[in-house]
Amino acid sequence: MIKRPQRGETEEDILRMQNEFLSQRAKNPKLQPAAECVKVAKDAKKSLFLRSREKAEGSSAQAVKNTTPISSVEQQIMGEIHEKIVGNLDAKPLENFTEIVLGEIVERKFDTPMQDHALNNAKTSAFPIVDRAPLDKSLQSGKSIFASSGLSTIQQFNKTSQPIASEDLSKIYGDKSIIVSNSDIAVEVHKENLDILSKMNENDILAERERLLNSIDPSLLALLKKRRQDKSDEKSNFKREGTNAVSNDFVKNEDQESMDVSSLLPTTNAAIEILKQSETEKWVHFDVVETDKLKWMQDIEEWLPNVQPGDQFEARFDWKGVLLPYSVDKMNAASPSGNTTTDAKAFQNDDRELYLHGEEPHRPGYTLQELFRLARSNVIQQRISAFRSIGGILSIYNQGFYDNVLELPISKIFFLLRFGFDDNTPAMLEVVSKALSCLFYNEADETLLDFIFDNPTSHWQPILDSVDTGTAINEIAALESLQKQMQQLQMNDNGKRSLFRSDFEENESEDKTSMSDFQLAETNLIECLMRTNILQRIYFILHAVKPENSTVSSCLKILIRLARTNTEIAGKIVSNQDLMHCLFQNFLPDFRRFEANMDAPQFYDCPQFLCLKLFRVLIAQNLGIAVRLMNMKLSEVLKCYLSYRGDIKDIMVKVQIECLRIVRCLLLLRLDDSLYSNLDSAFHYLLQWHCNYLKFEVGSPYLIRQHASALLMAISSEPCSAKSNLILSETLNKCCCAWFYRATRSDVTEFSQSTLLSACLNVVIWELRRDEASHFQEFFAKYLRDFLLSDSFRKCVSQIITSSVILRQSADRRFVHAPLPNVGAVLLHKNGPQLIIPQTFTIYLLSTLWSLLELQMSQINCHEQHKLLVNALLTPQVVETLVRYINLLSTSLNHYLSGNFFSKIELKFVYKLLGSSELLSHFSSAQILQLVYSYICCLGAEHISEIEQLFDTIIFNTKYINVPESALSKWKEIFISLVQSHYIVVEPSNLSLSKTSQTSAILCRDWPYFFFKIILQNYIDNSPQNITVDFSEREILEMTLTLVTELEDSSSNLQIVTPTEELMYAMIAFMGPECEFLTDEIRPLLRKHLLRLYKKHKDYSFDFDKASIGKCKFESLYSLFVDHFQATSYGDELFGSLVLVPLAQKYDSKWRRRMWSDYAPALCYLNCDESLLINGIRSYLEPVEKEDSLIKAYALALGSNDVRPGSIPYIIAKHHVHHFRTLHSQILVVEHLQNVHATTPKSKSILLTKICLIPHLSK
């Protein structure tokens, strides 16, 4: 027997009982539970109509006889209709519900039963009457709507009054109903209505009428009124005067039907105009004005909260990805324009879209979180709109407009786009692939790279591999490696002696396979993209899905960005045979396939210039990749497209431009010797076409000029030893003469124009190297000389300052998002983002012109031409502009932008200018030294030859530095050996046309102090005594101190390091292992250097808390320096003077506290002459010390004899302690004198005696 659950038992007890029951039932299958759930079959459901018919048949035989027979199906349908209208009347009474209700039932008791007279009246009629309960506005408190309506009905029925006779009602309402259209039953229905009215008094009729008017649907009431008006003969029948109260009330109610909404809604709500229409009362459910539901139609609040500058708010974007302002400019109390009408009009004309109805209804647009939610919607149009908006955001972000404005979660956006890229719907693929390409493919970078490619020496492609910007850019360099190790020194501030520790970073990066996807995306976004099998996904889209939309272009752009990353990823792309076959087959078709699609360009079976650009980027990565592409018959495709003689359009022009660029790369790699000869006829045909039809002036298609530039650069890429072509040379001369003649007559204001002229000059250089200069004699003597003397050329030269890259005082966007670096084509200017190369950039033209002049000067038979052109070039106006440009370089050179990929050509041009003796004659030796020093600190490994040349001619030249020539020669060899260690040696099998996108300077700004860094590093590592194998500590000190002194003395504006860094290097000079600062040979040199340092920075306040990039903190170095002072100084005054520098009163008291507490034992050795103190002894005595802890330290040192009498620390401590005691005594006297009036004469004499004894007690 299982007992019942008791109160207090838990769910576990119930489960235990269940298990007991199941176990007993398993033993005894006949065991039955105490209760079971049994489904009771319900009776067949009867409709209301069927039940009414059965009741009528049983009560009246006459009703059955007059009733037309109805089928069972019709009965069931009509019954269901009535049941949905009035409910299920077959429900059982409330008292029968107890059979199916579990638990205890509490019945509500009523004193008197409530009767529904309306229901009783309905039962007496032959057909069910549909009633609506009246909703009285004044409900009795504590009663429901049903109870209140029933009570009012009972009260109405309890009223006694004389009923109206049926004959009188016939006179009022007529003999038949004018609403019922069936004439057979109209009389009978009207008679039954009159019988009901005859049983009611006048008050009951009016009350029932009001109840019906309030309960009936207004649309139904309007319909009944209209039908009554249509059937009435005269309107006056409904507006009779007299004692007919019912009719008069009905007319009054008709006049009150129009709704007055002006008092319910504000005037700005747009719903007022709708509700004032004439037919409004006939609309369903418009009898009540619901103000809450109509709020969304009212205008947004005109007076919006102002956001102050610097306040943060959530960003909202429109469907194009444009960041929307917080609020529209609106009028206020102090209107900026002063015109209230104009400001109000501007607010009314606000055309911003996408207003939401959330917490910020006045702000339009969608947040990123809302866009992310829409991107996962089940409605495809919402997903498309969201991804299109995100793509627009990324496109604007890559242009730099959102920098320093908002921070985008790039990694999260990437994962969202990558998930969306797996959708095979063509419409979704189009928007998602476009957004993904906007993230990886920087349009600004690619556009500038394409534009500069057709210039001489611009065939190099950038490598966009991610780098760790937190460490030194060039870690293999000895300079940067030492700086990184110095930066690892950190202070450990404790209450006792300050210690240092060294935190070494792991050189090897974490294994990428152990990273999660999000971690990898935060480190290297390209690697994360490759992890998602993007190559296979792109192949499936292009091969299987085959979308005929911009998805093809987006996929090719993604592949281009992947190919620019590094050689490894480029090799993976080429190794994907299926993908490469798909690209060749679908986007590089032959003549027969693409000629049919020329009139209606499409994506498949039509040449795609982006596909050719992808192959060009792959070829530039590595020679092996180029060989594999040539094995795929790429050369046949190039011949096919370049030999096309039909009428080409813009798309085919772009295709041929990319083909010519690929040919140039292949010729530079010397990959196929027969390629040039196979394209000879195509080159001649294209060149002849340009000679006849090209328009040089602005306004003509720039694509044609770009095509001509690419053609000339491809022609001039052939080896100079190749067989000469007389016809081609004559055509080239003709083209150069024609285009330079037009350039002389019109201004060169567009980049494509200067590019075309640069390509022409490069062709001339190529012909000169082939000894084919005889064809260009007329070009030199007339056309080029006239161009150099023209106003057009002077305007080109005048733009060199405004268009310069390395003179811009801005920063680029190379590392705006470190996991996804870019080339840096956009500059962050104070007026907004700008392209780093403007349209008026003429450096390429001037650099090529200088190369031509240098080549002429080197050839014997061109001296006369060279002199003629130089005289035409170096006119006073041109020389003045170039001198101003060089002068700006010496003072305003931007070292950061000098590492930009687009600044390479300008650095080469500056080197050409430094080699011009005609220009350098306008500068003093100090200006030249300052310019060259600043310039060589910007050069990377590709400019090693330029550094060596400048070392030899300027830096280590007795003409500029007052040092013996033997010493300069020795020092020059030392630093050249450091520079030559950066030579890049490339194996023939790894030839490449790619370079890193950022150039690391070989020589940092403080390169003369290089060996001082080695001294410090040896001290930290506790290495052997010898600093280097070839040089001793004495030689290093002599070379460094002399070189730095002479460089700064030779040029007053030359600043090698900051004053604080100069002080730190002076301290390092005393930290050598051989203690050379104690020798008679080095000591005078150190004294001279320190006195010069103290004199130069006499009024300067050193910034000891500022951390320099790549250098250790002063706090760390000072800790080492004081330790070394205690160990090896022997009380040297030069050493001690540097220890005392931070102890001056104008610096933070933490340096004095550290010295007088942590390093108190060193005070007994610390002393120097007052002439070696920067700013003298007064800087250590004034202002007086007010910190109690320091006063105690001073008093303790004086009392314990830790400082020697007469030493600098003793003078400092004695001065501050004495001043403190004097001030304390005066304060005590004043306090006692203030209270002297409260003392007796005897107390006064005792007090004065104590005051007089205070000085003696203090002693």
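Being a predicted model, the structure only gives us computed values, none of them experimental.

Each value, and the rule that gives it
Residues numbered from 1 in each chain as written. Predicted model: local features only at pLDDT ≥ 70, side-chain atom pairs only at ≥ 80, totals over all residues. Heavy atoms only, no water. Core = buried A, V, L, I, M, F, W, Y, C linked by side-chain atoms within 4.5 Å. Buried < 20%, exposed > 50% of the residue type's maximum accessible area, 1.4 Å probe, protein only. Contact = heavy atoms within 4.5 Å. Axes fitted to C-alpha atoms, helices over the stretch in contact; angles between N-to-C directions. Helix = DSSP H or I, 4+ residues; strand = E, 2+ residues; numbered from the N terminus. Parallel < 35°, antiparallel > 145°, perpendicular 65-115°, else oblique. Nonpolar A, V, L, I, M, F, W, Y, C, P; charged D, E, K, R; others polar. Pairing = 2+ DSSP bridges. Salt bridge = Lys/Arg side-chain N within 4 Å of Asp/Glu carboxyl O. Patch = residues over 30% accessible without salt bridge, like charges linked within 9 Å, V, L, I, M, F, W, Y side chains within 5 Å. Areas by Shrake-Rupley, 256 points an atom, 1.4 Å probe, with all protein chains shown as cover. Phe/Tyr/Trp six-rings, centres within 6.5 Å; stacked < 30°, edge-to-face > 60°. Lys NZ or Arg CZ within 6 Å of the ring centre and 35° of its normal. Disulfide = S-S within 2.5 Å.

Enquirer: Is there a simple way to think about the nonpolar core in this case?
Expert: Side chains that are nonpolar tend, in soluble globular proteins, to be buried together. Among the nonpolar cores identified, the biggest contains 311 residues, and L562, F615, F779, Y885, F951, W1007 and M1155 are the most heavily contacted of them. W1007 has contacts with Y933, I936, C937, F951, I955, F956, F975 and L1043, leaving out every residue within four places of it along the chain. Of all hydrophobic cores here, the second largest spans six residues; its members include L265, I272, L275 and V289.

Enquirer: I keep staring at the packing of helix α37 (residues 791-798) against helix α40 (residues 876-892) and nothing clicks. Help me out?
Expert: In a pair of packed helices, the angle between the axes and the distance between the axes together describe the arrangement. At a minimum axis separation of 9 Å, α37 and α40 run at an interaxial angle of 10 degrees. Classified by the interaxial angle, the pair formed by α37 and α40 is roughly parallel. On the side of α37, the interface is formed by F793, R794, V797 and S798, while α40 contributes Q877, V878, T881 and L882. Each residue belonging to the contact of α37 with α40 can be placed in one class, and the counts come to four nonpolar, three polar and one charged.

Enquirer: It is not clear to me how the pairing of strand β5 (residues 826-829) should be interpreted in this structure. Could you clarify?
Expert: Walk down a regular strand and you will see the side chains alternate between the two sheet faces. In this structure, strand β4 (residues 811-812) lies alongside β5, joined through two bridges in antiparallel fashion. Within β5, the residue paired with A811 across the bridge is L828. Across four bridges, the pairing between β5 and strand β6 (residues 832-835) is antiparallel. Bridge pairing in β6 links L828 to P833. In textbook terms, the turn of a hairpin is the stretch between consecutive antiparallel strands, and for β5 and β6 this stretch comprises two residues.

Enquirer: I tried to follow unusual backbone geometry on my own but got confused; where do I start?
Expert: Negative phi characterises most residues that are not glycine, and trans characterises most peptide bonds. A cis amide bond links E1182 to the next residue, P1183, at an omega of -5 degrees. Structurally, P1183 is set in the loop between α53 (1178-1181) and α54 (1188-1199). The phi torsion at D605 lies on the positive side, around 55 degrees, for a residue other than glycine. Tracing the backbone through its elements, the reader meets D605 in the loop between α26 (591-595) and α27 (609-621).

Enquirer: Please explain the environment of L614 as it appears in this structure.
Expert: Its location among the elements puts L614 in helix α27. Once you skip the residues sitting within four places of it in the chain, L614 turns out to touch L559, I560, A563 and L583.

Enquirer: Would you take a moment to explain the pattern of salt bridges for this structure?
Expert: Opposite charge on two side chains makes pairing possible when the charged atoms of those side chains draw close. The final tally for this structure, using the stated rule, is 44 salt bridges. R616 serves as the salt-bridge partner of D450, at 3.2 Å between the closest nitrogen and oxygen. One end of the pair, D450, is in helix α18 (residues 443-453); the other, R616, is in helix α27, with 166 residues separating them in the sequence. Between E1133 and R1087 there is a salt bridge; the shortest N-O distance is 2.6 Å. Remark: R1087 occurs in helix α49 (residues 1083-1096) and E1133 occurs in helix α51 (residues 1133-1140); sequence separation between them is 46 residues. Connected through salt bridges with shared partners, the residues E446, D450, D454, R564, K613, R616, E658 and R661 form a single ionic network.

Enquirer: Help me understand the sheet that holds β5, please; the structure alone is not making it clear to me.
Expert: The strands that make up a sheet are held in pairs by hydrogen bonds between backbone atoms, and each pair lies either parallel or antiparallel. The strand order across the open sheet built from three strands is β4-β5-β6, with neighbouring strands paired in antiparallel fashion. A strand with exactly one partner marks an edge of an open sheet, and here the two such strands are β4 and β6.

Enquirer: In this structure, what is going on with a nonpolar patch on the surface? I would like to understand it.
Expert: A surface patch of nonpolar side chains, about 320 Å² in accessible area, is lined by Y685, W689 and Y693. Topologically, Y685 is positioned in helix α32 (residues 680-693).

Enquirer: Explanation requested: the packing of aromatic side chains in the structure shown.
Expert: Two descriptors summarise a pair of aromatic rings, namely the distance from one centre to the other and the angle between the planes of the rings. All chains considered together, the criterion is met by 45 aromatic pairs. Taking 6.3 Å as the distance between ring centres and 25 degrees as the angle between the ring planes, the aromatic pair formed by F415 and F518 counts as stacked. Taken together, the residues span a long stretch of sequence, with F415 in helix α16 (residues 410-420) and F518 in helix α20 (residues 517-523) at a distance of 103 residues. Using a relative accessible area of 16% as the deciding quantity, one classes F415 as buried. Given the relative accessible area of 39%, F518 is considered partly exposed. Residues F1114 and W1151 carry aromatic rings whose centres are separated by 5.5 Å and whose planes lie at 75 degrees to one another, so their mutual orientation is edge-to-face. You can see F1114 sitting in helix α50 (residues 1114-1128) and its partner W1151 sitting in helix α52 (residues 1149-1158), a full 37 residues away along the chain. A single burial state applies to F1114 and to W1151, both of which are buried. What links up through ring pairs into an aromatic cluster is the set Y933, F951, F956, F975, W1007, F1010 and F1011. The lysine or arginine in question, R664, covers the ring of F453, its NZ or CZ lying 5.1 Å from the ring centre. Directly above the aromatic system of W460 lies the positively charged group of K995, at a separation of 4.4 Å from the ring centroid.

Enquirer: Explanation requested: the environment of N424 in the structure shown.
Expert: One can find N424 in the loop between α16 and α17 (426-440). Once you skip the residues sitting within four places of it in the chain, N424 turns out to touch L429, R537, F540 and V545.

Enquirer: Teacher, can you tell me more about the state of the cysteines here?
Expert: Note: disulfide means a covalent bond formed between the sulfur atoms of two cysteine side chains. Per the counting criterion, the structure on display carries zero disulfides. Residue C737 stays outside any disulfide, its sulfur separated by 6.9 Å from that of C736, the closest cysteine.

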